[in-house]
Every structure is written in C-alpha cells, then in structure tokens.
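Understanding the architecture of this molecule
Each chain, letter by letter, is given below.
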Protein chains: 2
Amino acid sequence: MVKKREVIDKSGNKHSFSEGMAGVIATTSEICFINGAEGKLIYRGVPIEDLAEKSTFEETSYFLLYGELPTQKELHEFEKRLKKHRAIPATVLDVMKQMPDDANTMQTLRTVVSLMGLYEPKNDEHSVKETSGEVEKLIAVFPTIVAAIQRLREGKEPVAPDNSLSHAANLIYMVTGEKPDDYAARVLDVCLILHAEHGFNASTFTSRVVISTLTDVYSAVTAAIGSLRGPLHGGANEGVMHLLDEIGDLESVEKVIKNKLETKAKIMGFGHRVYKVLDPRAKILSQYSKRLAEITGKQKYYAMSKKIEEIMKREVGDRGIYPNVDFFSASVYHYLGFSLEIYTPIFAVSRISGWGAHIMEQLRENRLFRPTSVYLGDIDRKYMAISDR
Amino acid sequence: MVKKREVIDKSGNKHSFSEGMAGVIATTSEICFINGAEGKLIYRGVPIEDLAEKSTFEETSYFLLYGELPTQKELHEFEKRLKKHRAIPATVLDVMKQMPDDANTMQTLRTVVSLMGLYEPKNDEHSVKETSGEVEKLIAVFPTIVAAIQRLREGKEPVAPDNSLSHAANLIYMVTGEKPDDYAARVLDVCLILHAEHGFNASTFTSRVVISTLTDVYSAVTAAIGSLRGPLHGGANEGVMHLLDEIGDLESVEKVIKNKLETKAKIMGFGHRVYKVLDPRAKILSQYSKRLAEITGKQKYYAMSKKIEEIMKREVGDRGIYPNVDFFSASVYHYLGFSLEIYTPIFAVSRISGWGAHIMEQLRENRLFRPTSVYLGDIDRKYMAISDR
C-alpha cells in the first residue's frame, strides 16, 4: 500500500523504507482512531460527529486525558481546576510585555510556555498525578496566553479571564474584550473539539518523541508548538486565509484556482496524508461557516470557500484531494473575529488536550523513540591536514 | 535482529512493530555513521578518533554542516562569523536576569533560545543561506547563554565573550571568569568534537521531525534542547555525577555497584541502544579523565569511574553493557571545573552542530514525518448524556 523508497549505500547494500515514515507503526495508542478511506474520526471510541454535537471542549478534554466521559461531579471539579489556572502568572506576563510585538505568534506562544516551565515544581518522577496536573494547567492557560499575545500585538492591555464564562466563550472575551453571544461561543467550542486530537500527526508525534526521553512536560509541549507552527502542519489554516485574500472576490475564484492547478501550485487547505475522502471535520465546519455567513451577513468568505471546493471537486476530486480541517476553519475563525495571526495559536489552544493525552499515555509505558537512518555518505575519508587542503 | 512486538486490536487484526522504532529507517543521511557492533563512529566519512586528535570544534562543526573540511580561508571566515555572533543580545540578557535562578538549566537554555527566535528575521522560504546563517548564530551563542545561566545561578554578573579565545577556551573563560590553560581548553575542545553528532539520537530525530513541518530553525532547536534534557538522553551525564557522589569514595564502589546490580537498579553511564561494545568516545574520554586526574592531583573521580568500569565489565560485560559517552564526560567536566547543572547544557553547546547539520540536510529534501499507530482502544462507544452517567 505504502510506496517504499529503495536506496543503495556506498558499500553496495540495498535498503528500503517508507518516506516520511508513512504507514510506519510508531507505537500503540487508545486515544484516537482515523479511517482515512472512509473519512471517520473517533476519540476514544466515540465518533467526532457526536462529540461536536453534544459535548463541550472541557468534557472532550477530560475524555481524551482520562479515557472515560466524566460524571457531572468529575466534570465540575475538572472545570473548577481549569478556571483556577487560567491566569498568566504576573512575572510571566511582565516578560511577555517585553517581547517584540511583531514576532510570529506561534514563536511567542512557544517562548511563553517554555518560560512558564521554569516556575513549575520539579516532577522528575513523572508521577501520573503531577503530569496530569501540569497538562491541565497548560490546557487552562493556553487561551489566556494566546489572547494576551493578540492584545499586546494590537497595543492593548491583556484582558483577565472571566470565570463565569466557558473555556471557549472566555477565549473570545479575552481576545475581543467583549462577551460573545451563545452561538459564537458554541461555534468556537465545536472548533476546539474538532481540533483537539488527531492521532500521530507531526506535533503529537513530536510531543511523544520528546517525552520519551523522560524530560519534562513543558519540553514536550514547547516542541509540539514549534512543530504545529509549520506550514505543512497547523500553519496551513493561515495559508487558507492568505489564499482567500489573494483571490479577493468570488468572481476571481475560478481563474486563480485553475491557474494554480495548471502551474501545480499548492492549494492550501486541500489534501491530507491520512484522509482520501472528505475530512469529517471539514464537513462539520463547512456547515458552521455557512451559518455564520448568514448570521453576519458577510457571505464573501464562505461563498469563496464553497466555490473553491466545487472547482477542486470537479478538477481533482478523482485524485482524492478534498478539503481538510484547515480549509473551513479559516473562514469560521474569520467570522468569529479572530485575526489571521492567531489562527494557528487557536489550533494549539485546542490541540494541547490531545498532546496532553498522548504525553500521559506515552509515560504510562515508555520506550525511547530511537529510529535509525541509512548512511549514504562516504565511508573511508582521510582527515587531510589543513595546510594540504 | 530487532525484536518485534505483536499486538491484536479490538477488531481482531494482528499488527507487529519495533518498540521505540528500534531499527526502523527514518530516512537517509550523509552526516554520521555508527557501527554499534564494532564500536565505530565516523562523521562524514572521517573516524571520530582522527577528528578528536587533529581537528577543532570549529572545524568539525564546519565539516558537519557543509560536508567538506574547510580550507584555511573558509575556516577563518567561519570562525570570524561565529565570533561575531557570540554575544547575547542585550534585550535577551535583560530577560534572562528576570528568570528564576533555581530553574533547571536546560529549561532555561530552551527558553532563551526560543526567545532569541522572536528577534530573528523571517526565513519562511528556508533558503539554504538563511538557514545556515541561523544555525551558525546558534552555534556561536550557545556557550555564552550556558555560561550566563551558570553565572546568574551563582549570583554573579555574566562574563562577555573574549574573541581572542577559541570556542572552547572562551566557554571556560565565560563560566569561570578566568582564561584556561591550553590543555584544559584542548580537553573541552575534544569533548565538544566527540559530542557534536551521533546520528538519529532522540534530540536529533526530534529536530528533524519538527523542521519537517517547514517550521523555523528555532522551533526545531528548542525542541531538541527539551529532548536532550531527558535522563534517557543527554541528562544521563548528570546522572553519572550523582552516582559518583552517591558512592562517595573508592572503597564504597564495589558495595554500591553490586547492590545496584542485585536490585536491578539502572547504573547511569552504562549501556547504549546502538553500541554493543565500548563506545569509541568513552575510550577517548577515559584517557583524558586519567590525565586530568594526574594534572589536578585529584584522583578520586577518575579512580572511582575506572573501578566502576572494571566491576561492570566483570559482572555484566558479557551482556554488552559498556560505558557510554556520558560515563567519562562526567569526571572530565568535573575536572574542568564545571558544575553539575551545566553538564547537559554543555552537551547542547556541542550537539547544536549536529542538530544544525541535520536540520539543513532535512530541508534539502524534505518530507513530513507522519508515522502511524495501532489503535487498541474501543471502536464503538456511544456518547451517553451526562445526566445518565
């Protein structure tokens, strides 16, 4: 199924391997199952559609971390713990204010999370309790960091968290300074549920590789943020927005997309290593994008997205290139009033739950990840003195 | 050769895989070749013994990054560029002074490097020139950061780099405030050469996984630092020093080690995933440790190390458990006057050259690392309403 690459080293030995480790089993997991051929995604046995319809981000996070849907009491306690850790420590916020406003927001998020690790009590034994406590703290504080980054970029004072609001509603509040209506809060809640987990994607795999050295949770999460930043991973939803802005209006869609297809340019938000049919998350997000366009009366971005989807289906649908989760999240975030610069950080606000679940799972039965490589370099070079070179 | 683990998922399908990806080929590389069965290590075709004897860290770094030993002119230019970037930018140093003095030094290093990324001009196209420029800057500044961390821990003012000194000599100078003699500088230079590169170890693999998303160099290096921190990776040389301190004196070695062997406790500095004979780096470092013990007149740590090696050889030598690079670097660093807390950061000062070489190589022919996992969780769980739980 997976195409192997064949190489011959300088001793004449043949080797074959999967490029990008496609199809290579890294380890076992009980967190997430993806059926790319059928477009199915389940978290711990429950279809993503059910969670998107009935759950909340807080409940889904608990489910991912601990493997069971919480009772009312467990959920209440979990939400209480999250609220307790929403605020950024004053010393960290002070340093944030000294960071350059125009830096890449993911780099800033990475730095702030790394900095917070310096204040964390040592957890060198990686006890389950300590580790889950650290993960919960990070889930709690991520929205506050991301909102503060955005406010500081705009030259505004960060907004303190409001514990009367849900995780999602509070994020919108801290970014915009205004409490969102229930529908907007629910849309973001659904976005956070949909992005929370996705198996062995690059950032989650990164977090497991890093924690497998038995380093600290902050090192694993910092690494995952850096990975998520990449345009081949989380950075793609920014790319979709750039595409929409590049196209400019509905009338230009056909021409720009066809031109890109002809020149074999990458079209952001399309295609996925795992899904060969429509990403189930894109399906859900597409509906929310449509509804938000109606509510706000700003049809443009949804209409453009829909048109791109149609053209792509017509032109390359037979090659299994469909919209992925990034494609409709771009217009949804736009309708919710978020700036382009925090699209990927908002992805991180959600994915921290998946990273946390994988870090905890990895530590339960750890084995250092230490693959190998085929050496194709020289084997017998002499060290020549510099005077002879 | 590599033992595979067999698992059966809940649909009854069998899967087999290598735990920890042992023996799994991640990709090809031309940087480093390790023959674990024969105890051979070569950088770009040249045996590590030759480099340790004849090269310098600066030259070896150039060789790792660019694939050819430099001409005199190239080396001179390279050294000039490194010297130009030794200093920590003032804004970053200001923030360092606000960080807690008692934090883990690797976490501090990780944070400072991440912070420096915020000031780096954008390099979103990953041009070879820009990328190698960033890597060179990091090689240049790592010693200064590590020395500043140590000085601030001690409540002292950081020492500015001295451009009349070599990379290694300058590190000792910035840590101790005193210019080292030629022999001490050369010993550290050799240590840096020996630790600079080692194939697809966990931190290097991490750096490649992260950069494969086409994120920035700082994200990849930050991730690698977090990985190197782990006690199953770079953190091990600290563990060796703890072991020596725990034993206390030469007379107690036999008793403590035998007791550890009987209780199957891990003995730090022994055993390696790749080497099944003596690590060639340990062989070289052992000689330096011996010589430093003679010069300083402080025989204790070398004598203890040697005795541990003998007992281990006698008791478990037939199981292929030999000293690794961490084992003798602990006593060598001790003789050079470094505190335990910067042992792993000094490893990073060296390994940044290897990380940089791998990041550059990965970008030349990139493919996103995206392995898979075997899902062993439930497949058909119903979402039960919270009121029914």
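The structure displayed is predicted, hence computed values, not measured ones.

A tally of helices and strands in chain A yields 16 helices and 7 strands. In terms of overall dimensions, chain A is globule-like: its C-alpha atoms have a radius of gyration of 22 Å, near the 21 Å expected for 389 residues. Seen through its principal axes, chain A has C-alpha atoms that stretch 70 × 55 × 50 Å. Expressed as a percentage of its 389 residues, the buried residues of chain A come to 61%. Contacts in chain A between residues at least 24 apart in sequence constitute 74% of all its contacts with a sequence separation of at least 6. Accessible surface, chain A as shown: approximately 15200 Å² in total, 49% of it carbon and sulfur. Of the charged side chains in chain A, 51 are positive and 52 negative; the average position of the first set lies 4 Å away from that of the second.

Here we take up the relation of the copies chain A and chain B. Each copy superposes on the other: chain A lies on chain B with an RMSD of 0.0 Å after a rotation of 180° and an axial shift of 0.0 Å. Seen this way, the second copy is the image of the first under a two-fold rotation axis. Distance from the rotation axis, computed per C-alpha, reaches its smallest value in chain A at A:Ala223: 2.1 Å. In this assembly, 100% of the residues forming the interface of chain A have copies in chain B that are likewise at the interface, indicating an isologous arrangement.

Attention now goes to the environment of A:Ile149. All names here are of chain A. Within the secondary structure, Ile 149 is located in helix H6 (residues 128-153). Put simply, Ile 149 and Ile 346 are 197 residues apart on the chain and 11 Å apart in space, counted from C-alpha to C-alpha. For Ile 149, the contacting residues outside a window of four places in its chain are Met 96, Thr 105, Thr 108 and Leu 109.

What the rule picks out here adds up to 21 aromatic pairs over all chains. Ring geometry for A:Tyr183 against A:Tyr288: centres 6.4 Å apart, planes inclined by 40°, an arrangement best described as tilted. Residue A:Tyr183 is located in helix H8 (residues 182-195), and its partner A:Tyr288 is located in helix H13 (residues 280-296); the two are separated by 105 residues in the primary sequence. We classify A:Tyr183 as partly exposed; its relative accessible area is 29%. The class of A:Tyr288 is buried, set by a relative accessible area of 18%. Seen in terms of ring centroids, A:Phe205 and A:Phe369 are 5.9 Å apart; in terms of plane orientation they differ by 70°. Their pairing is edge-to-face. Of this pair, A:Phe205 sits in helix H9 (residues 202-211) while A:Phe369 sits in the loop between helix H16 (343-364) and strand E7 (372-375), placing them 164 residues apart in sequence. Both residues of the pair, A:Phe205 and A:Phe369, count as buried. What links up through ring pairs into an aromatic cluster is the set A:Phe200, A:Phe205, A:Phe369, B:Phe200, B:Phe205 and B:Phe369. Sitting above the plane of the A:Tyr383 ring, A:Arg389 keeps its charged end 5.3 Å from the centroid. Across the ring face of B:Tyr183, the terminal group of B:Arg291 is positioned such that the distance to the ring centre comes to 6.0 Å.

We now examine the pattern of salt bridges. Within this structure, the stated rule accounts for 46 salt bridges over all chains. With a closest N to O distance of 2.7 Å, B:Glu136 and B:Arg81 form a salt bridge. Linking B:Glu136 in helix H6 (residues 128-153) with B:Arg81 in helix H3 (residues 72-84), this pair joins segments that are 55 residues apart in sequence. The exposure class of B:Glu136 is buried, given its relative accessible area of 7%. By sharing partners, the salt bridges in this structure join A:Lys10, A:Asp378, A:Arg381 and B:Glu68 into a single network.

Bringing the domain arrangement of chain A into the picture now. Residues and elements named next belong to chain A. Entries for chain A in the domain assignment read domain 1 (34-230 + 348-364) and domain 2 (236-336). A separation of 26 Å is found between the C-alpha centroids of domain 1 and domain 2. Counting from both sides, the interface comprises 22 residues of domain 1 and, opposite them, 20 residues of domain 2. Taking both partners together, domain 1 and domain 2 bury about 1700 Å²; carbon and sulfur atoms supply 72% of that area. Of all residues in domain 1, Tyr 183, Leu 194 and His 195 give up the largest surface area on contact with domain 2, accounting jointly for 30% of the area buried on that side.

Ordered in space as E4-E5-E6 (chain B), the 3 strands form an open sheet in which the pairing is antiparallel. Both outer strands of the open sheet, strand E4 (32-35) and strand E6 (46-47) of chain B, are each paired with one neighbouring strand and no more.

So, on to the packing of H3(B) against H6(B). Residues and elements named next belong to chain B. In contact at an axis separation of 8 Å, H3 and H6 are set at 65° when each is read in the N-to-C sense. It follows from the interaxial angle that H3 and H6 lie roughly perpendicular. Between H3 and H6 lies a crossing of right-handed hand. Here H3 contributes Phe 78, Arg 81 and Leu 82 to the contact with H6, which in turn contributes Glu 136, Ile 139 and Ala 140.

This next bit is on the sheet that holds strand E6 (residues 46-47) of chain A. Residues and elements named next belong to chain A. The antiparallel open sheet is built from 3 strands, whose spatial order is E4-E5-E6. Strand pairing shows two members of the sheet lacking a second neighbour, strand E4 (32-35) and E6, which therefore form its edges. In this structure, strand E5 (residues 40-43) lies alongside E6, joined through 2 bridges in antiparallel fashion. Paired with Ile 42 across the strands is Pro 47, a residue of E6.

On to the environment of A:Glu134. Residue and element names in this part refer to chain A. For Glu 134, the location among the structural elements is in helix H6. Once the C-alpha coordinates of Glu 134 and Tyr 218 are considered, the two residues, 84 residues apart in sequence, prove to be 8.3 Å apart. What Glu 134 contacts, discounting residues up to four positions off in sequence, is Glu 120, Pro 121, Asn 123, Val 217 and Tyr 218.

All names here are of chain B. Close contact between helix H2 (residues 57-66) and H6 brings their axes to 12 Å; oriented N to C, the two are set at 155°. Taken together, the axis directions place H2 and H6 in an arrangement best described as roughly antiparallel. Relative to H6, H2 is oriented so that their crossing is right-handed. In this structure, H2 contributes Phe 57, Ser 61, Leu 65 and Tyr 66 to the contact, and H6 contributes Ser 132, Val 135, Glu 136 and Ile 139.

All names here are of chain A. Of the pairings in the sheet, the one linking strand E1 (residues 4-8) to strand E2 (residues 14-18) comprises 5 bridges and is antiparallel in character. Across the sheet, Ile 8 pairs through a bridge with Lys 14, a residue of E2. Between E1 and E2, which pair antiparallel one after the other, the connecting turn spans 5 residues, and Gly 12 there sits at a positive phi close to 90°.

Turning next to the side chain of B:Thr111. Of note, B:Thr111 is situated in helix H5 (residues 105-117). Given a relative accessible area of 1%, B:Thr111 falls into the buried group. At 2.7 Å, the side chain of B:Thr111 and the side chain of A:Ser114 are in polar contact. Sequence-distant contacts of B:Thr111, that is, excluding residues within four places in its chain, are made with A:Thr111, A:Ser114, A:Leu115, A:Leu118 and B:Met99.

Backbone phi values are negative for most residues with the exception of glycine, while trans is the configuration of most peptide bonds. You will see that A:His126, though not glycine, has its phi angle at about 55°, which is positive. By secondary structure assignment, the location of A:His126 is in the loop between helix H5 (105-117) and H6. The backbone phi angle of B:Leu214 is positive, close to 65°, even though this residue is not glycine. Here B:Leu214 lies in the loop between helix H9 (202-211) and helix H10 (217-228).

About the thresholds
- Residues numbered from 1 in each chain as written.
- Chains lettered and ligands numbered in written order.
- Predicted model: local features only at pLDDT ≥ 70, side-chain atom pairs only at ≥ 80, totals over all residues.
- Heavy atoms only, no water.
- Helix = DSSP H or I, 4+ residues; strand = E, 2+ residues; numbered from the N terminus.
- Rg over C-alpha atoms; globule rule 2.2 N^0.38 Å.
- Buried < 20%, exposed > 50% of the residue type's maximum accessible area, 1.4 Å probe, protein only.
- Contact = heavy atoms within 4.5 Å.
- Areas by Shrake-Rupley, 256 points an atom, 1.4 Å probe, with all protein chains shown as cover.
- Lys, Arg positive; Asp, Glu negative; His and termini not counted.
- Charge placed at Lys NZ, Arg CZ, Asp CG, Glu CD.
- Least-squares fit on C-alpha atoms with pLDDT ≥ 70 in both.
- Phe/Tyr/Trp six-rings, centres within 6.5 Å; stacked < 30°, edge-to-face > 60°.
- Lys NZ or Arg CZ within 6 Å of the ring centre and 35° of its normal.
- Salt bridge = Lys/Arg side-chain N within 4 Å of Asp/Glu carboxyl O.
- Domains from an automatic or database assignment.
- Buried area = accessible area lost by both parts, 1.4 Å probe.
- Pairing = 2+ DSSP bridges.
- Axes fitted to C-alpha atoms, helices over the stretch in contact; angles between N-to-C directions.
- Parallel < 35°, antiparallel > 145°, perpendicular 65-115°, else oblique.
- Left-handed = near helix turned anticlockwise from the far one by under 90°.
- Polar contact = N/O pair within 3.5 Å; in protein donor to acceptor, adjacent residues only side chain to side chain.

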